[in-house]
Amino acid sequence: MSSTSQLRVAIVGGGPVGASLGAYLCRAGARVAVFHNPKRPPILVGESLVPAVIPFLRRLQIEEEVAAYATHKPGASFTFGDITTQSFCFAEALGAEVQYSYNVPRDRFDASILEAARAAGAHIIEERASIITEGEPVGLAGPEGRIALGGASAERAAEVLGGTPDWVIDAGGRARIVARALDLDFVEGPRKDAALHAHLEGVPLLIDGNVHTDRLTRGWCWRIPLPGRVSVGFVVNDGYLAEFGATPETQYDAFLSREPALSQWSAGARRISPVVRYNNYQLRSLRGVGPGWALVGDAFGFVDPVFSSGLLIGMSAAARLADAILAGSASAMRNYEHYVIDQLTVWQRLVDYYYDGRLFTLFEVGDAVRKRRGWQLVDRHLQRHLPRIFTGEATRSRYSVGLLDFMVKYAIVGHDPAKLEVH
Ligand SMILES: Cc1cc2nc3c(=O)[nH]c(=O)nc-3n(C[C@H](O)[C@H](O)[C@H](O)COP(=O)(O)OP(=O)(O)OC[C@H]3O[C@@H](n4cnc5c(N)ncnc54)[C@H](O)[C@@H]3O)c2cc1C
């Protein structure tokens, strides 16, 4: 492998994850080309950040810039059952390193990170990249398979990098072009939802700035306050949405006015953007590195929007992948792969606790138990561990996550979580 100054890396995808990786590698002296597809939907999902993303904004030196166009996010509010709401304030997460976050208009957020990569010296190629499989035998699939940039993309990369890239990184999001080309094994989560997403004016909030997650008759919805608007998205079983019309717009508008929890406020709200539809399939690859290639961000795996974990998983992975590439050893790459698989697996489990009703049941039980005499010490211990899982800081702590696993198994005995299941 080349020394850092000769290391050449081609990154497919200039979203937040690919651009972060590009910035880190360039700062360390590598030559980097980022293929950035200039075509984007009118609005993008991924607008709510968890607090553990903030250290990455600082590392990219963009926190101040982001804060200027973002909404300050002090916490999260969950509505479940008929009217019960639990609001969490990040400032009350005992021992948390970062106690706030932001909701961001994604076009500006993505542009800030891409600019950080450009400023660090990355060559931004405003084109879609193509890839081909290659190697012995030609087209060998699986994690040992080889890939390379296709014709015109290879030429463009060689031009700016001064030679063939040592690494081709798939940061192209859920299109998963490398994983598909190599036919990598993956696991799917249990949910096969669709998400409909738009921006609205006139949407009420319980707590300014909080991300709101409301359990609905079927599925759930988010309300993410952005400057001058609120992002509202529904995550619902695909078949059910079809009952509301044929196009994303008709489905969105009809769902908004007919779903009981939403109709309480929807008459006073106005949609001010087109509706964008996402397939919300939970899917994670079982391998993420191979000879001269790696996956990062959604291209490696995507769990679910419910806890706003996507950008944290991807941006923390970008930092680790940069370190692994710079370390230049197979074991560093393997450690990177284990890190991402572990994080995707942990978040999938947390998400499962949301959908199967166990988390909400624990909230309810916790509220009742907390008021009993003598429980303050236990409560304090739980408060030190559980909230920091959801701020994204403690998902690597075996103890904290193990404590939550224990609580959702034993603390809710005698209660029926199915009553609070998200259908
Ligand atoms: C419904 C929904 C709601 C979500 N809400 C949140 C949330 O609130 N908070 C959160 O943290 N996460 C959320 N996420 C997840 C979040 O959107 C992603 O985790 C995050 O955007 C991943 O970033 P990325 O850079 O890996 O991929 P992307 O943001 O998808 O960026 C990939 C980029 O690569 C480009 N690209 C693809 N192929 C090529 C190619 N061949 N050549 C060049 N460019 C290419 C794409 O056009 C895109 O610009 C949500 C996801 C969904 C589906």
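As the structure is a computational prediction, the values presented were derived from the model and not from experiment.

Engineer: Help me understand the overall build of the chain, please; the structure alone is not making it clear to me.
Structural biologist: When its secondary structure is counted, the chain shows 14 helices and 19 strands. The C-alpha extent of the chain, read off along each of the three principal axes, is 65 × 50 × 45 Å. When burial is assessed residue by residue, the chain has 55% of its 423 residues classed as buried. Put simply, the chain shows about 17,700 Å² of open surface, and 52% of that area lies on carbon and sulfur atoms. Counting 44 positive and 45 negative side-chain charges, the chain places the centres of these two groups 3 Å from one another.

Engineer: Explanation requested: the sheet that holds strand 7 (residues 123-125) in the structure shown.
Structural biologist: On the basis of which strands lie adjacent, the open sheet formed by six strands has the order 7-2-1-10-18-17 and mixed pairing. This sheet does not close on itself; its edge strands, each paired only once, are strand 7 and strand 17 (289-290). Taken together, the five bridges between strand 1 (residues 8-12) and strand 2 (residues 31-35) define a ladder with parallel strand orientation. Paired with V12 across the bridge in strand 2 is F35. Across the face of the sheet, helix 5 (residues 151-161) comes into contact with strand 1, strand 2 and strand 7 while running at roughly 145° to strand 2.

Engineer: Honestly, the site of the ligand in this entry has me stumped. Any pointers?
Structural biologist: Around the ligand sit 31 residues in total, of which S48, R106, A129, D298 and L311 are the nearest. A distance of 3.5 Å separates a nitrogen atom of the ligand from a polar backbone atom of G46. In this structure, L311 approaches the ligand through a main-chain N or O atom, which is 2.9 Å from an oxygen atom. Protein contacts shield 93% of the accessible area of the ligand, which totals 990 Å² for the unbound molecule.

Engineer: I'm lost on the packing of aromatic side chains in this one. Help?
Structural biologist: Each pair of aromatic rings is reported with the distance of its centres and the angle of its planes. Counted according to the given criterion, the structure contains 21 aromatic pairs. Each ring, one from F244 and one from F255, has its centre 5.2 Å from the other, and the planes form 70°; the classification is edge-to-face. Of this pair, F244 sits in the loop between helix 7 (238-241) and helix 8 (248-258) while F255 sits in helix 8, placing them 11 residues apart in sequence. With a relative accessible area of 0%, F255 lands in the buried category. Here F307 and Y354 contribute two aromatic rings whose centre-to-centre distance is 5.9 Å and whose plane-to-plane angle is 80°, an arrangement assigned as edge-to-face. Of this pair, F307 sits in the loop between strand 19 (301-302) and helix 10 (310-327) while Y354 sits in helix 11 (residues 330-355), and the two are 47 residues apart along the sequence. For F307, a relative accessible area of 7% translates into the label buried. In this structure an aromatic cluster arises from ring pairing among F78, F80, F88, W220, W222, F307, Y354, Y355, F360, F363 and F390. Over the aromatic face of Y339 sits the side chain of R320, whose NZ or CZ is 3.9 Å from the ring centroid.

Engineer: Could you clarify how one ought to interpret the nonpolar core in this entry?
Structural biologist: A general feature of soluble globular proteins is that nonpolar side chains tend to end up buried together. In this structure, L57, F109, I169, V296 and M315 are the most contacted members of the largest nonpolar core, which totals 120 residues. Other than its neighbours up to four places away in sequence, M315 contacts V17, S20, V53, F56, L57, L60, F109 and I113. Ranked by size, the runner-up nonpolar core spans 22 residues in total, among them F234, Y240, W265 and A269.

Engineer: Could you clarify how one ought to interpret helix 1 (residues 16-27) in this entry?
Structural biologist: Since one α-helical turn is 3.6 residues long, residues separated by three or four positions face the same way. With 12 residues, helix 1 extends 16 Å between its outermost C-alpha atoms, agreeing within 8% with the 16 Å of an ideal straight helix rising 1.5 Å per residue. Taking burial as the measure, the 12 residues of helix 1 include 11 buried ones, the bulk of the element. Taken together, the buried positions of helix 1 are P16, V17, G18, A19, S20, L21, G22, A23, Y24, L25 and C26. Each element contacted by the buried residues of helix 1 is listed here: strand 1, strand 2, helix 2 (54-59), helix 4 (106-120), strand 10 (167-170) and helix 10.

The rules behind the values
Residues numbered from 1 in each chain as written. Predicted model: local features only at pLDDT ≥ 70, side-chain atom pairs only at ≥ 80, totals over all residues. Heavy atoms only, no water. Helix = DSSP H or I, 4+ residues; strand = E, 2+ residues; numbered from the N terminus. Buried < 20%, exposed > 50% of the residue type's maximum accessible area, 1.4 Å probe, protein only. Areas by Shrake-Rupley, 256 points an atom, 1.4 Å probe, with all protein chains shown as cover. Lys, Arg positive; Asp, Glu negative; His and termini not counted. Charge placed at Lys NZ, Arg CZ, Asp CG, Glu CD. Pairing = 2+ DSSP bridges. Contact = heavy atoms within 4.5 Å. Axes fitted to C-alpha atoms, helices over the stretch in contact; angles between N-to-C directions. Near = heavy atom within 4 Å. Polar contact = N/O pair within 3.5 Å; in protein donor to acceptor, adjacent residues only side chain to side chain. Phe/Tyr/Trp six-rings, centres within 6.5 Å; stacked < 30°, edge-to-face > 60°. Lys NZ or Arg CZ within 6 Å of the ring centre and 35° of its normal. Core = buried A, V, L, I, M, F, W, Y, C linked by side-chain atoms within 4.5 Å. Expected span 1.5 Å × (residues − 1).

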